[in-house]
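Chain by chain, the residues:
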Amino acid sequence: MAINTILLDLSVDALKIIEKTALLLTIQEVLSKFIPDLKETNSMSFGGGGFLCTYTAARDSFITVRGFPQGLVSINVEYYREDGDESLLPFEKSRGLESQMRFALTSPRSKLFPPVRRGARFDVYLNSSDERILEYDIDAVLFEEQSPYQKVQIVHSKSLGNLLVLDELQNLSERDLIYTETLMQRGKEDYSDKEIVILGGGDGALLYELLKEKPKFVTMLELDEVVLRACREHLRGCCGDCLDQLEGPNYKIVVDDCVKSLDTMIAEGKTVDYVFGDLTDIPVSTSPQGEVWDFIRLILNKAMQVLKPTGKYMTHGNGASSPASLAMYEDQLNNLKIPVQFTTDRAFIPSFLEDWVFYQVWPKQVN
């Protein structure tokens with residue numbers, strides 16, 4: 001079940017908006033050919049020009065027609081549809097509506113948007129890093145549970161396989177090996193016989209790939225047991241069997257707050273070769289203020305304290321389409337308690353449908 005919304009925008013001569021009667025009669029005539037039982041329910045004009053008219057029609061559909069004094073007309077059709085019900089306006093019929101409406105209004109430009117399905121059993125709409133709407137071919141929800149920290153879902157996509165979604169944000173799919181390989185800079189960094197700490201990483205993908213590199217030991221600090229359980233059951237294409245046991249010959253998964261574990265390492269004077277920050281993304285915000293930015297600064301400063309002088313902090317940033325947030329993050333890097341240097345890399349991530357930026361950070365060497 002879902003609410004289906006069809007959106008149609010047209011450009012018209014602005015004079016037609018002012019002299020709205022003929023325009024509305026034409027719009028109603030065309031709409032009636034495609035949507036039976038069309039009845040006007042309300043009409044109003046705006047002081048600055050323009051109008052809004054509403055209609056009801058077959059299958060309890062509701063239509064709004066808005067005229068803007070600049071010469072724009074929007075037509076929104078909204079109706080409820082049960083699974084298996086025939087669409088009120090299938091795509092080809094919607095295209096016919098657009099074509100006839102454009103011809104009748106002598107519109108030089110028009111745009112029909114595909115039906116937006118709202119309130120369905122599973123959501124097929126997620127956002128890009130710069131808040132564009134992305135539609136996915138999700139056809140099933142395999143796991144859904146509210147943990148003490150976040151909403152955890154594993155959904156199935158026909159093109160991406162199983163996909164981890166946390167608080168309505170796509171995190172990792174079975175087609176996203178490029179994400180993990182770019183994060184760890186595979187082929188550019190040597191992890192053999194190295195000591196490594198992963199902050200977060202509950203999907204298990206980074207741990208699974210790092211273990212292939214024969215490290216001395218990997219400690220993974222993940223707060224959310226629900227994420228571990230969900231990925232162990234439904235994201236094995238990414239994590240293999242490394243989440244089946246919390247301990248192995250050269251790794252250990254600690255289910256706890258990573259800040260507490262970092263504090264213990266600092267107090268004991270323990271240092272490692274690599275720290276991976278596989279936690280929250282860089283926020284898209286107007287300034288580096290707020291709880292998430294405070295957490296990012298906290299993690300960066302603590303991570304630098306547990307790195308060996310030759311060690312590196314590896315982390316993901318955000319989408320390349322959010323340069324302002326990336327610049328704010330780099331400002332934070334330039335103002336850490338321990339001076340650092342950094343490089344970046346980027347890769348197109350299938351489940352994000354965009355380029356993602358990754359950071360490699362290390363303590364600045366004192367000459």
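Going by the structure above, here's the rest.
Residues numbered from 1 in each chain as written. Predicted model: local features only at pLDDT ≥ 70, side-chain atom pairs only at ≥ 80, totals over all residues. Heavy atoms only, no water.

(A) Expanded view of the pairing of strand E11 (residues 161–166). The element E11 is extensively covered by neighbouring structure, given that six of its six residues are classed as buried. Note that strand E10 (residues 151–157) and E11 share six bridges and pair antiparallel. Bridge assignment links Ile154 to a residue of E11, and that residue is Leu164. Between the antiparallel neighbours E10 and E11 lie three residues. (Buried < 20%, exposed > 50% of the residue type's maximum accessible area, 1.4 Å probe, protein only. Helix = DSSP H or I, 4+ residues; strand = E, 2+ residues; numbered from the N terminus. Pairing = 2+ DSSP bridges.)

(B) Fine view of the pattern of salt bridges. For the coordinates displayed, the defined rule picks out 22 salt bridges. Note that Asp83 and Arg121 form a salt bridge whose closest N and O atoms lie 3.4 Å from each other. Separated by 38 residues along the polypeptide, Asp83 in the loop between strand E5 (72–81) and helix H3 (91–104) and Arg121 in the loop between strand E6 (110–118) and strand E7 (125–127) bring together distant segments of the chain. With a shortest N-O distance of 3.4 Å, Asp273 and Lys308 are connected by a salt bridge. (Salt bridge = Lys/Arg side-chain N within 4 Å of Asp/Glu carboxyl O.)

(C) Spatial organisation of empty space enclosed by the protein. Going through the model one piece at a time under the given rule, you end up with one cavity of 30 Å³ or more. One number sums up the size of the largest cavity: a volume of about 110 Å³. In terms of lining, the largest cavity is formed by Gly277, Leu279, Thr280, Ile282, Phe295, Ile296, Ile299, Leu300, Tyr313, Thr315, His316 and Tyr329. The leading source of residues in the lining of the largest cavity is helix H9 (residues 291–305), at four residues. The residue makeup of the lining of the largest cavity, split by class, is eight nonpolar, four polar and no charged. (1 Å grid on protein atoms, 1.4 Å probe; cavity = no way out; pocket = protein on both sides within 12 Å on 5 of 7 lines; lining within 4 Å. Points joined across faces, edges and corners; volume = space filled by probe spheres on them. Nonpolar A, V, L, I, M, F, W, Y, C, P; charged D, E, K, R; others polar.)

(D) Main features of the layout of surface pockets. A volume near 1300 Å³ is recorded for the largest pocket. Lining the largest pocket are 44 residues, with Gln150, Asn171, Leu279, Thr280 and Asp281 positioned closest to its centre. Partitioned by chemical class, the residues of the lining of the largest pocket number 21 nonpolar, 13 polar and 10 charged.

(E) Inspection of the sheet that holds E5 at higher detail. Here six strands make up an open sheet; going across it, the order is E2-E3-E4-E5-E1-E6 and the pairing antiparallel. Only two strands of the sheet have a single partner each, and these edge strands are strand E2 (39–45) and E6. With strand direction ignored, the average angle separating the axes of adjacent strands in the sheet is 15°. Note: E2 against strand E3 (residues 51–57), six bridges, orientation antiparallel. By the bridge assignment for E3, Asn42 is matched with Thr54. Where helix H2 (residues 20–34) meets the sheet, its contacts fall on E2, E3, strand E4 (61–68) and E5, and the angle it forms with E3 comes to roughly 25°. (Axes fitted to C-alpha atoms, helices over the stretch in contact; angles between N-to-C directions. Contact = heavy atoms within 4.5 Å.)

(F) Focus on the nonpolar core. By size, the foremost hydrophobic cluster in this structure holds 39 residues, and its most contacted members are Ile198, Leu207 and Phe276. Apart from the residues lying within four places of it in its own chain, the contact partners of Leu207 are Ile198, Val218, Met220, Cys242, Tyr251 and Ile253. Formed by 29 residues, the second largest nonpolar core is a distinct cluster that contains Leu10, Leu24, Cys53 and Tyr79. (Core = buried A, V, L, I, M, F, W, Y, C linked by side-chain atoms within 4.5 Å.)

(G) Quick peek at the sheet that holds strand E14 (residues 217–222). Taken in spatial order, the eight strands line up as E15-E16-E14-E13-E17-E18-E20-E19 in an open sheet, and their pairing is mixed. Only two strands of the sheet have a single neighbouring strand rather than two, namely strand E15 (247–248) and strand E19 (340–349). Against the sheet, helix H8 (residues 258–268) makes contact with strand E13 (195–200), E14, strand E16 (251–255) and strand E17 (272–278), and its axis sits at roughly 150° relative to E13, the strand it touches most. Helix H10 (residues 323–333) contacts strand E18 (307–319), E19 and strand E20 (354–363) of the sheet and is inclined by roughly 5° relative to E20.

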